[in-house]
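Structural overview for review
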Amino acid sequence: TSDGGLSWARTISGVPAGVELDTPAFAPSSPEVLYAGSAGTVYRSTSGGAGWTPAGRGLPGVAVGLIAVDPADPDTAYAATAGGGLYRTRDGGASWFPASHGLPGAGIIALVADPASPDTVWAGTGSGLYRADFSETGRCGYALEPASLALTAVGGTGSLAVTGWGQCPWTASSDAAWLAITAGGTGTGDGTLRWEAAANDTDVFRVATVTVADRTF
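Residues numbered from 1 in each chain as written. Predicted model: local features only at pLDDT ≥ 70, side-chain atom pairs only at ≥ 80, totals over all residues. Heavy atoms only, no water.

1. Quick look at the environment of Gly 85
Structurally, Gly 85 can be placed in the loop between strand S6 (77-81) and strand S7 (86-89). By relative accessible area, which is 17% here, Gly 85 ends up buried. In sequence terms Gly 85 and Ala 213 are 128 residues apart; their C-alpha atoms lie 20 Å from each other. Not counting residues within four places of it along the chain, the set of residues in contact with Gly 85 comprises Ala 79, Ala 80 and Ser 100. (Helix = DSSP H or I, 4+ residues; strand = E, 2+ residues; numbered from the N terminus. Buried < 20%, exposed > 50% of the residue type's maximum accessible area, 1.4 Å probe, protein only. Contact = heavy atoms within 4.5 Å.)

So, in structure tokens, the structure goes:
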């Protein structure tokens, strides 16, 4: 509606048939920007709801129950997913990062971005009220693309893209001697690291973990 509720129009352009949008939230600083949850992702509109595009990369693929948008930045939003997991985006939903550290397992039943402190979020759960600081000196988040790799026994080389919100520094490391990080092992924000895997001359299946800051992949 654009007339105070006197008339309504259905606006689901870009949303696949059968998908229902729930928990719409608009950006206070740019009211034409909206986010809405669905059974498995988030959709975003930059036209006041006239058209929608998927914006859920990095979300776990479960229902999104609540969304809160930063009062000062339309590209920063928070999504509470089924099971209590909280996620954050700083690029308009192009990527989401887990932001549940310190929250209990109980589901989030209320989610508010503090209008007086844009980097502060309040989450109400069945076990109490929680406050999070997402300022540049607060919490950092990272993602690795691709999140996993399958290699043949001959080994090889390749690269991984690191996405990090804000200007948070990170260092990457491998827990296996046969998987070496050859370049880009440190960075700030986004970056690319290169790896080299030695050939496996045994019949033993190998698994290695790459750690970026405090997250493993």
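2. Regarding the environment of Pro 104
By secondary structure assignment, the location of Pro 104 is in the loop between strand S8 (97-98) and strand S9 (108-113). Judged by its relative accessible area of 23%, Pro 104 is partly exposed. Spatially, the C-alpha atoms of Pro 104 and Thr 157 are 40 Å apart, while their sequence positions differ by 53 residues. If sequence neighbours within four positions are ignored, Pro 104 has contacts with Thr 125, Ser 127 and Tyr 130.

3. A look at the sheet that holds strand S10 (residues 120-125)
Taken in spatial order, the 3 strands make up an open sheet running S9-S10-S11, and their pairing is antiparallel. The strands lining the two open edges of the sheet, one partner per strand, are S9 and strand S11 (128-133). Adjacent strand axes in the sheet meet at a mean angle of 20°, parallel and antiparallel pairs treated alike. Sheet topology places S10 next to S11; 6 bridges connect them, and they run antiparallel. Bridge pairing in S11 places Ala 123 opposite Tyr 130. (Pairing = 2+ DSSP bridges. Axes fitted to C-alpha atoms, helices over the stretch in contact; angles between N-to-C directions.)

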